[in-house]
Amino acid sequence: MTIKQLEKITKKASDELLQAKDQRDLEKLRIKYLGRKSELTRILRSIKNLPQKKRPIMGAKANEIRKRIEDLYNDATEKMKISKALDKDEEIDVTIPVKAQAIGHIHPITQMLWRAEEIFQKMGFEIFEPFEIDDDYHNFESVNIPPGHPARDLWDTFWTEDGFIPITHTSSMQVRILKSRKPPIRAVVPGKVFRNERTDPRHEHTLSQIEGIYVDKGISLSDMIGTLKTFFDAFYGKDVQVKVVPDYFPFVEPGNGMNLSCVICDMKGCRVCKHTGWLEILGCGMIHPNVLREGGIDPDVYSGFAWGFGLDRLVMLKYGIEDIRHFRNGDLRFIRQF
Ligand code: DAH
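A few points on the structure.

Cut-offs used in this document
Going along each chain's sequence as written, the residues are numbered from 1 onward. Restriction of local features to residues with pLDDT of at least 70 applies here, the model being predicted, together with a cutoff of 80 or more for giving and counting side-chain atom pairs; totals for whole chains, interfaces and linings are based on all residues. Calculated side-chain values reflect all of the structure's heavy atoms, with hydrogen atoms and water omitted. Using a 1.4 Å probe on the protein chains alone, a residue whose accessible area is under 20% of its type maximum counts as buried, one over 50% counts as exposed, and one in between counts as partly exposed. Each helix is a run of DSSP H or I of at least 4 residues and each strand a run of E of at least 2, with the numbering of both proceeding from the N terminus. Regarding the arc, it is the one traced by the directions from the helix axis to the C-beta atoms. Ring pairs shown here join Phe, Tyr and Trp side chains whose ring centres sit within 6.5 Å, with only the six-membered ring taken for Trp; geometry is labelled stacked below 30 degrees between planes, edge-to-face above 60, and tilted in between. A positively charged side chain is recorded as over a ring if its NZ (Lys) or CZ (Arg) lies within 6 Å of the ring centre. The angle to the ring normal must also be within 35 degrees. His residues and chain termini do not enter the charge count, which takes Lys and Arg as positive and Asp and Glu as negative. Should a side-chain nitrogen of Lys or Arg be within 4 Å of a carboxyl oxygen of Asp or Glu, the pair is scored as a salt bridge. Here, residues are in contact when the closest pair of their heavy atoms is within 4.5 Å. Patch definition: residues above 30% relative accessible area lacking any salt bridge, with like charges linked at up to 9 Å and the nonpolar side chains Val, Leu, Ile, Met, Phe, Trp and Tyr linked at up to 5 Å. Method for areas: the Shrake-Rupley scheme with a 1.4 Å probe, in which residue coverage is limited to the protein chains shown. Multiplying 1.5 Å by the residue count of a helix minus one yields the expected span of that helix. Think of each charge as sitting on NZ of Lys, CZ of Arg, CG of Asp or CD of Glu. Note: two strands are recorded as paired if DSSP finds a minimum of 2 bridges between them.

Focus: helix H3 (residues 39–46)
No. 1: Buried within H3 we find Leu40, Thr41 and Ile43. All buried residues of H3 project into a common sector of 160° when viewed along the axis, lining one side.

Quick notes on the packing of aromatic side chains
No. 1: In total, this model carries 18 aromatic pairs according to the counting rule given.
No. 2: Here Phe231 and Phe232 contribute two aromatic rings whose centre-to-centre distance is 5.2 Å and whose plane-to-plane angle is 70°, an arrangement assigned as edge-to-face. The burial state of Phe231 is the same as that of Phe232; both residues are buried.
No. 3: Each member of the aromatic cluster is reached from another via a ring pair, and the members are Phe120, Phe125, Tyr214, Phe231, Phe232, Phe235, Tyr236, Phe305, Trp307 and Phe309.
No. 4: One cation-aromatic arrangement involves Arg115 over Phe235; the distance from NZ or CZ to the ring centre is 6.0 Å.
No. 5: When the ring centre of Phe235 is taken as origin, the NZ or CZ atom of Lys318, which lies over that ring, is 5.7 Å away.

Remarks on the side chain of Glu211
No. 1: With respect to the element layout, Glu211 can be found in strand E5 (residues 206–216).
No. 2: For Glu211, which is buried and forms no salt bridge, the nearest opposite charge comes from Arg195, at a distance of 8.3 Å.
No. 3: Those residues in contact with Glu211 that sit more than four places away from it in its chain are Thr170, Ser171, Gln174, Ala187, Val188, Val189, Trp307 and Gly308.

Observations concerning a nonpolar patch on the surface
No. 1: On the surface, a cluster of nonpolar side chains totalling about 490 Å² of accessible area is made up of Ile82, Leu86, Ile92, Val94 and Ile103.
No. 2: Examined against the element boundaries, Ile103 turns out to sit in the loop between helix H4 (55–87) and helix H5 (108–122).
No. 3: Look at Ile103 and you get partly exposed, because its relative accessible area is 37%.

Digging into H5
No. 1: Between its terminal C-alpha atoms H5 stretches 21 Å, which fits the 21 Å expected from 15 residues at 1.5 Å a residue.
No. 2: By the burial criterion, the buried members of H5 are Pro108, Ile109, Met112, Ala116, Glu117, Ile119 and Phe120. Down the axis of H5, the buried set is contained in an arc of 160°. They therefore lie on one face.
No. 3: Directly beyond the C-terminal end of H5, a positive phi value near 95° is found at Gly124.

Some details on a positive patch on the surface
No. 1: On the surface, a cluster of positive charge is made up of Arg36, Lys37, Arg45 and Lys48.
No. 2: Along the chain, Lys48 falls in the loop between H3 and H4.
No. 3: A relative accessible area of 60% places Lys48 in the exposed class.

What about the pairing of strand E9 (residues 303–310)?
One face of the sheet, then the other: side chains in a regular strand alternate in exactly this way.
No. 1: A large share of E9 lies buried, amounting to 7 of its 8 residues.
No. 2: As judged from the 8 bridges shared by E5 and E9, these two strands associate in the antiparallel manner. Residue Glu211 lies in a different strand from E9, and its bridge partner there is Gly308.
No. 3: Looking at chain direction, strand E8 (residues 278–287) and E9 are connected through 5 bridges and run antiparallel. Within E9, the residue paired with Leu282 across the bridge is Phe309.

Shown next, in the form of structure tokens:
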């Protein structure tokens, strides 16, 4: 028996499940592929006779295949129910609350986004959604990046003919939020952002970002450090260390980067943290007076901090995912692991 044979069984099962016409067909296929006398069950039973070296690999693979076929079967059953209801022209009661998950599987980024939102909400932050396409003023000028500013090169992406761009960062919402609220202002902006990126295991053209701002009287960098550390402790479910280093972003002064103690090796040193014990995780700083003023907030009275991080990276670190491109390539085998 080889891995190829196992893959073949999955492919066959998947094809046949797609062809099933009714519940009886599905039941037959369940017995054929998952039943006691199925080829797969036979293979699983015979693993104990393999040479010891081969056992763990084949065992893991065969179990994975079994789980995959079970998922395919469950999806097909669910779809069958829906299409039957539609065929019968049954009245669908649109007021019935949806099941949390009817079919399919919640994407790991979405799962972790919900978790991040919940943590920030408990800390008193309000959630704002960005516009996916916005104008030059909101993406650049309002956050202290005037035309011709060299920082634009970093985010040079795609423009529509009438001057809109897919947002390059969720900082595009900062000034809108400042204008629409009175301090204290606590807001997070989770959203998709788009980059002109040559993709590789660590770079993608589309990513999920969470921007945050906190504005009130007497806010300082120590509030920022405390807020973000509290978030990361909750997000990773352990006591992490944070380190603030200098960095530059036009919309903050001072501008900082925040490093996180490596959540994979707990600072013992590993490949992911390049044996430094630290991970570069986000950009942050004290909101630039020009940005506060643009949002109608007097920088002589109020101060605030802001940050932006990529959720993809946080999720990669949480689960030890080695290639960012897995997230958006649509392969359900990847998604279903979470
Ligand atoms: N907008 C930055 C980016 O996309 C991230 C960022 C850095 C946001 C510093 C901030 C900040 O609010 O203060 O790379």
